[in-house]
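Summary of the model geometry
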Amino acid sequence: MKTGRLLFMPLTIAVVMIISSNVYAQLATDKSSYSTAIGLRVGGTQGFTIKHLMGDRESAIEGIAGIWSNAFSITALYEKYENAGVAGLNWYYGGGGHI
């Protein structure tokens, strides 16, 4: 029982640190300085994501590839961004497919 607790604590600390650094990176990045972003997925489903902002910067295409123990998935999305009425806050909608 103690072994499980000993492994759980460092894992929890690592996850919190990763989440915190990602939030800081998103806050510190000027939104006009990039048009394509990539990311890694870890956990139950592992894989990667890629998002490309279109020329008007009000829409994007996103691809998600996921792998887990006995399966593989691919998702493609089209997203349209709209202002939510609060500075720095947007909402989005769109559609896509998933295999």
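Everything numeric here is computed off the predicted structure, so don't read it as measured data.

The next subject is the pairing of strand β3 (residues 59-68). Summarising the sheet, strand β2 (residues 46-53) and β3 pair through eight bridges and their orientation is antiparallel. Opposite H52, over in β3, you have I61 as the bridge partner. Counting the residues that bridge the hairpin from β2 to β3 gives five residues, and of these R57 lies at a positive phi of roughly 60°. Examined bridge by bridge, β3 and strand β4 (residues 71-86) share 10 bridges and lie antiparallel to one another. When the bridges of β4 are listed, G66 appears paired with S73.

The next thing to look at is a nonpolar patch on the surface. On the surface, I38, L40, F48 and I50 cluster together to form a nonpolar patch covering roughly 480 Å² of accessible area. Taken together, the elements giving at least two residues each to the nonpolar patch come down to β1 (36-41) and β2. What makes L40 exposed here is its relative accessible area of 76%.

Before going further, it helps to spend a moment on the packing of aromatic side chains. By the definition in use, this model includes two aromatic pairs. Ring geometry for Y81 versus Y92: centroids 5.6 Å apart, planes at 50°, classification tilted. Note that Y81 is positioned in strand β4 and Y92 in strand β5 (residues 89-98), a separation of 11 residues in sequence. Against the face of Y92 rests K51, its NZ or CZ located 6.0 Å from the ring centre.

Bringing the sheet that holds β2 into the picture now. Reading across from one edge, β1-β2-β3-β4-β5 is the order of the five strands in this open sheet, with antiparallel pairing throughout. Unpaired on one side and paired on the other, β1 and β5 mark the two borders of the sheet. For this sheet, the mean inter-axis angle between neighbouring strands, taken without regard to orientation, is 20°. For β4 and β5, the ladder comprises 10 bridges, and the chain directions are antiparallel. Within β5, the residue paired with K80 across the bridge is Y93.

Inspection of the secondary structure assignment puts N90 in strand β5. In this view, N90 contacts E82, N83 and A84; residues no more than four positions away in its chain are not counted.

Each value, and the rule that gives it
Residues numbered from 1 in each chain as written. Predicted model: local features only at pLDDT ≥ 70, side-chain atom pairs only at ≥ 80, totals over all residues. Heavy atoms only, no water. Pairing = 2+ DSSP bridges. Helix = DSSP H or I, 4+ residues; strand = E, 2+ residues; numbered from the N terminus. Patch = residues over 30% accessible without salt bridge, like charges linked within 9 Å, V, L, I, M, F, W, Y side chains within 5 Å. Areas by Shrake-Rupley, 256 points an atom, 1.4 Å probe, with all protein chains shown as cover. Salt bridge = Lys/Arg side-chain N within 4 Å of Asp/Glu carboxyl O. Buried < 20%, exposed > 50% of the residue type's maximum accessible area, 1.4 Å probe, protein only. Phe/Tyr/Trp six-rings, centres within 6.5 Å; stacked < 30°, edge-to-face > 60°. Lys NZ or Arg CZ within 6 Å of the ring centre and 35° of its normal. Axes fitted to C-alpha atoms, helices over the stretch in contact; angles between N-to-C directions. Contact = heavy atoms within 4.5 Å.

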